[in-house]
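Each chain, written out:
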Amino acid sequence: MIPAIGLALGIIIGLLLQPAVPLWLQPYLPIAVIAALDAVFGAVRAILDGIFDDKVFVVSFLSNVVVAAFIVFLGDKLGVGAQLSTGVVVVLGVRIFSNVAAIRRHLFNA
Amino acid sequence: MTTPPADPRPADQGPADPRPAADPQRAWRRLLRAGSPRRTRANALAMLLAGALGFAIIAQVRQTSIEGLDNLREDELVRIFAGVDQNGDRLTEEIRGLESSLARLRSQSTNEAEAQRAARQRLDALGILAGTAPATGPGIVLTISDPDRKVTGTVMLDVIQELRDAGAEAIQVGDARVVANTWFTKTPEGIGVSGTQERPPYVVKAIGDANTLAGALEIPGGVSATIRSLGGSTDTTIEDRVDVDALLSLTPPQYARPVPTSTP
């Protein structure tokens with residue numbers, strides 16, 4: 001509930017402020033957002049699995065974001081930026097899907 | 001089942017019931033309990049992170065919408081270029097087609113205007129010739145007085161012939177229009193003009209070059225002399241404006257048919 005309110009607040013503030021993404025951040029932000037979403041779904045699944053820990057959630061959130069950004073940065077430097085970022089997006093997508101499936105099984109037994 | 005992305009479970013720090021819920025109801029309850037507003041460190045942190053996430057989502061969405069061409073990859077640029085090229089070609093074709101349509105319609109309308117004008121001219125000329133349209137113009141008014149009623153149809157025909165020879169374009173005798181198939185007969189009371197009875201004095205109106213017409217009537221040995229020899233007299237006046245407004249109705253020929261010609 002409270003995190004959901006936090007999300008809504010963040011969205012509203014974003015719509016009001018209309019922020020411009022700084023140039024150095026522009027390549028990393030999309031991947032970071034997907035990684036953060038993965039952490040959030042993972043947290044919801046952990047709640048349903050009964051193993052949720054807030055410290056774990058924070059650490060996983062931040063580490064997901066940092067690792068994703070780092071992989072994109074490394075790929076750009078190595079010249080395989082497009083492929084690596086595609087790979088990262090695919091993997092994060094797979095994890096999001098599996099977490100959502102687990103949540104669904106918990107909530108709807110289906 | 002894959003391990004959740006959260007790091008390995010520290011069982012001692014979880015909520016009271018570490019086992020996964022076996023049925024949906026417990027799962028919902030668990031979710032609700034986790035979602036109920038409580039002032040805990042977990043909730044505060046989660047709210048902070050969720051707020052950052054929402055903010056970042058909006059920022060990225062806006063960034064994508066205003067992004068120009070400079071951040072795209074090469075293959076995307078090539079794709080966009082090919083699409084623009086195709087569009088350009090298609091539009092050029094369309095322009096060409098529309099321009100040729102416009103030219104065709106323009107020439108059509110001028111041709112139509114031309115054809116209409118030519119048709120109207122023809123209609124006017126034929127109307128005057130056939131006697132179905134009134135005519136006006138400079139000409140003469142010839143008054144033939146015939147006290148002894150000696151003027152015959154032949155004499156009248158001679159008058160008409162002289163006038164035509166002198167270039168008369170429209171002629172009427174009294175109230176009868178004179179056209180190609182007009183015939184004159186002598187009647188006890190005067191002269192019949194295509195069946196219309198005319199009595200002396202005969203007023204002949206003719207449109208044409210007035211001087212030529214008047215001159216033609218007065219040539220020595222011409223129609224004026226003939227009429228005078230029959231006891232009548234002629235009086236010609238030159239007018240700037242003569243109205244030949246006697247009209248005939250057009251009757252389609254019964255026997256004569258036009259020879260078919262190829263239409264233009």
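If you're wondering where the values come from, they're calculated on a predicted model, not measured in any experiment.

1. Some remarks on the overall build of chain A
So, point 1. Of regular secondary structure, chain A possesses four helices and zero strands.
So, point 2. Going residue by residue from the N terminus, the α and β elements of chain A occur as α-α-α-α.
So, point 3. Here chain A, with 110 residues, has 40% of them falling under the buried criterion.
So, point 4. If you take every contact in chain A between residues at least 6 apart in sequence, the share linking residues at least 24 apart comes to 68%.

2. Some remarks on the overall build of chain B
So, point 1. Helix and strand content of chain B: six helices and eight strands.
So, point 2. Overall, chain B shows an N-to-C arrangement of helices and strands of α-α-α-β-α-β-β-β-β-β-β-α-α-β.
So, point 3. Looking at chain B as a whole, 24% of its 264 residues are labelled buried.
So, point 4. For chain B, contacts bridging at least 24 residues in sequence account for 76% of all contacts bridging at least 6.

3. Looking at the environment of Asp158(B)
All names here are of chain B.
So, point 1. If you trace the backbone, Asp158 turns up in helix H4 (residues 153-165).
So, point 2. Along the primary structure Asp158 and Val223 are separated by 65 residues, whereas in three dimensions their C-alpha atoms are 6.6 Å apart.
So, point 3. In contact with Asp158, other than residues within four places in its own chain, are Val223 and Thr226.

4. With respect to the nonpolar core
So, point 1. Core analysis: the largest hydrophobic core is formed by 37 residues, its most contacted members being Ala32(A), Ala35(A), Ala36(A) and Ala43(A).
So, point 2. Those elements that provide at least two residues to this core are helix H1 (2-17), helix H2 (29-49) and helix H3 (54-78) of chain A together with helix H1 (24-35) and helix H2 (41-66) of chain B.
So, point 3. For this core, the leading source of residues is H2(A), giving 15 residues.
So, point 4. Each residue touching Ala35(A), except ones within four places of it in the same chain, is listed here: Asn64(A), Val65(A), Ala68(A) and Leu92(A).
So, point 5. Listed in part, the 32 residues of the second largest apolar core include Ala135(B), Ala170(B), Ala210(B) and Leu213(B).

5. Quick notes on the sheet that holds strand E6 (residues 196-198) of chain B
Residues and elements named next belong to chain B.
So, point 1. With antiparallel pairing, three strands are arranged side by side in an open sheet as E4-E5-E6. Looking at the sheet topology across the chains shown, the edges are occupied by strand E4 (184-187) and E6. Here the average twist between neighbouring strands, direction ignored, is 30°.
So, point 2. Here E4 runs beside strand E5 (residues 190-193); their pairing, made up of four bridges, is antiparallel. Considered in E5, the bridge of Lys186 is made with Ile191.
So, point 3. Of the strands in this sheet, E4 and E5 are in contact with H4, which crosses E4 at around 145°.

6. Brief notes about the confidence of the model for chain A
So, point 1. With 98% of its residues at a pLDDT of at least 70, chain A reaches an overall mean of 88.
So, point 2. When the elements of chain A are averaged for pLDDT, H1(A) gives the smallest value, 85, and helix H4 (residues 81-108) of chain A the largest, 91.

7. Some words on the packing of H3(A) against H2(B)
So, point 1. The contact between H3(A) and H2(B) brings their axes to 9 Å, and the two run at 20°. The angle between H3(A) and H2(B) places the two elements in the roughly parallel class. The way H3(A) lies across H2(B) gives a crossing that is left-handed. Seen from H3(A), the contacting residues are Asp54(A), Phe57(A), Val58(A) and Phe61(A); seen from H2(B), they are Arg41(B), Ala42(B), Leu45(B), Ala46(B) and Leu49(B).
So, point 2. When its residues are assigned to classes, the contact of H3(A) with H2(B) shows seven nonpolar, no polar and two charged.

8. A word on the pairing of E5(B)
On a regular strand, each side chain points to the face opposite its neighbour's, so the side chains alternate between the two faces of the sheet.
All names here are of chain B.
So, point 1. Count of turn residues in the E4/E5 antiparallel hairpin: two residues.
So, point 2. Inspection of the sheet shows E5 paired to E6 by three bridges, in the antiparallel sense. By the bridge assignment, Ile191 is partnered in E6 with Glu198.
So, point 3. In textbook terms, the turn of a hairpin is the stretch between consecutive antiparallel strands, and for E5 and E6 this stretch comprises two residues, one of which, Ser194, has a positive phi near 50°.

9. As for the sheet that holds strand E8 (residues 233-244) of chain B
Residue and element names in this part refer to chain B.
So, point 1. On the basis of which strands lie adjacent, the open sheet formed by five strands has the order E3-E2-E7-E1-E8 and antiparallel pairing. Edge positions in the open sheet fall to strand E3 (176-178) and E8, since each of these has one partner strand only. Pairs of neighbouring strands in the sheet enclose a mean axial angle of 25°, with direction left out of account.
So, point 2. The sheet contact formed by strand E2 (residues 170-173) and strand E7 (residues 202-207) spans four bridges and is antiparallel.

Here is what the cut-offs are and how they apply
Residues numbered from 1 in each chain as written. Chains lettered and ligands numbered in written order. Predicted model: local features only at pLDDT ≥ 70, side-chain atom pairs only at ≥ 80, totals over all residues. Helix = DSSP H or I, 4+ residues; strand = E, 2+ residues; numbered from the N terminus. Buried ≥ 20, exposed ≤ 12 C-beta atoms within 10 Å, placed from the backbone. Contact = placed C-beta atoms within 7 Å. Core = buried A, V, L, I, M, F, W, Y, C linked by C-beta atoms within 7 Å. Pairing = 2+ DSSP bridges. Axes fitted to C-alpha atoms, helices over the stretch in contact; angles between N-to-C directions. pLDDT = per-residue confidence, 0-100. Parallel < 35°, antiparallel > 145°, perpendicular 65-115°, else oblique. Left-handed = near helix turned anticlockwise from the far one by under 90°. Nonpolar A, V, L, I, M, F, W, Y, C, P; charged D, E, K, R; others polar.

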